[in-house]
Each structure stands twice: as structure tokens, then as C-alpha cells.
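The residues making up each chain are set out below.
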Amino acid sequence: MPEKEASLQKVTGEVEDLAVRVAELKTRFARQRASVKLRYYWELEYLRNRFGHFKHCVEALEEAGEDQVEDLEQATESAWRDVKHAADTLLAALPDARSERSGVPLRTNVV
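The subject of this paragraph is the nonpolar core. Grouped together as the largest cluster of nonpolar side chains are 23 residues, with contacts concentrated most on Leu-25, Phe-29, Tyr-40, Leu-47, Phe-54, Leu-90 and Leu-94. Looking at this core, the elements that each hand over two or more residues are α1 (2-30), α3 (41-63) and α4 (69-93). Apart from the residues within four sequence positions on either side, Leu-94 is in contact with Leu-25, Arg-28, Phe-29, Gln-32, Val-36 and Tyr-40.

With that settled, the discussion passes to the packing of aromatic side chains. All chains considered together, the criterion is met by 3 aromatic pairs. Plain terms: the ring middles of Phe-51 and Phe-54 are 6.4 Å apart, the flat faces sit at 50° to each other, and that makes the pair tilted. With Phe-51 and Phe-54 both in helix α3 and 3 residues apart, this pair spans about one turn of that helix. Accessibility expressed as a relative area gives 2% for Phe-54, which makes it buried. Aromatic pair Phe-54 and Trp-80: ring centres 5.8 Å apart, planes at 50°, arrangement tilted. You can see Phe-54 sitting in helix α3 and its partner Trp-80 sitting in helix α4, a full 26 residues away along the chain. Note on accessibility: Phe-54 and Trp-80 belong to one class, buried.

Another aspect to go through is the pattern of salt bridges. Within this structure, the stated rule accounts for 7 salt bridges. Of the charged contacts, one joins Glu-45 and Arg-48 as a salt bridge, the two residues approaching to 3.3 Å between their closest N and O atoms. With a gap of 3 residues between them, Glu-45 and Arg-48 both fall in helix α3, about one helical turn apart. Judged by relative accessible area, which is 29%, Glu-45 ranks as partly exposed. When salt bridges with common partners are traced through the structure, they connect Lys-10, Glu-77 and Arg-81 into a single cluster.

Parameters at a glance
Residues numbered from 1 in each chain as written. Predicted model: local features only at pLDDT ≥ 70, side-chain atom pairs only at ≥ 80, totals over all residues. Heavy atoms only, no water. Core = buried A, V, L, I, M, F, W, Y, C linked by side-chain atoms within 4.5 Å. Buried < 20%, exposed > 50% of the residue type's maximum accessible area, 1.4 Å probe, protein only. Helix = DSSP H or I, 4+ residues; strand = E, 2+ residues; numbered from the N terminus. Contact = heavy atoms within 4.5 Å. Phe/Tyr/Trp six-rings, centres within 6.5 Å; stacked < 30°, edge-to-face > 60°. Salt bridge = Lys/Arg side-chain N within 4 Å of Asp/Glu carboxyl O.

Okay, structure coming up:
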């Protein structure tokens, strides 16, 4: 089952790649106001849904017999592309907390 082992090794790398994206998303969401978080609620929910599907595909690949590996590899790869695209789209849409901290003080109403 070297083909299955290679696929699972590739998936491990993909999960590590996703972990970096998720860490960045968590950082960005943590620094946002509630209104911004609500604005991106459905995009985040879509990402969660796609990750659930990816996880299901990986679990099926782990349990697969020789005759199922090729089909499940394709399903896992497709699910990975969906998760990656959803994470990248959300990262592109969310303001980067570092770019917001430009050193300009917040306006205050001084009377």
C-alpha cells in the first residue's frame, strides 16, 4: 500500500498548511469588532463545512482498501482544494490586523 501511504503523507502536509491559514484567520478574527465578525459569519461557516467534508474524505482514505484508494485520493484532493480556496478567500476578505495598526491614533471626541 505505498500509494495509500504516500497519499496520507501528502494529506499531512496539507493539514499543516491549513493550520497556518487557520492560525492567521484566528488572529485576524480576534482583533475584529463584532460587526466585522458577523459580516463574515457565512464565509466562516462555509469554511467549517468544507473542512468537515475534507476530514471525512481523509478518514475514508485511511480506512480504504486497495481498490478504493484512487477514487478517495481524488475526492480528498478536491476537498482540499475547496478548503484551501475557502480559507484563502476569507483571508483576502478580512482586513489584516497589522495593516490597521498604522500608528494613527484613534479619534476621540474631546470637548
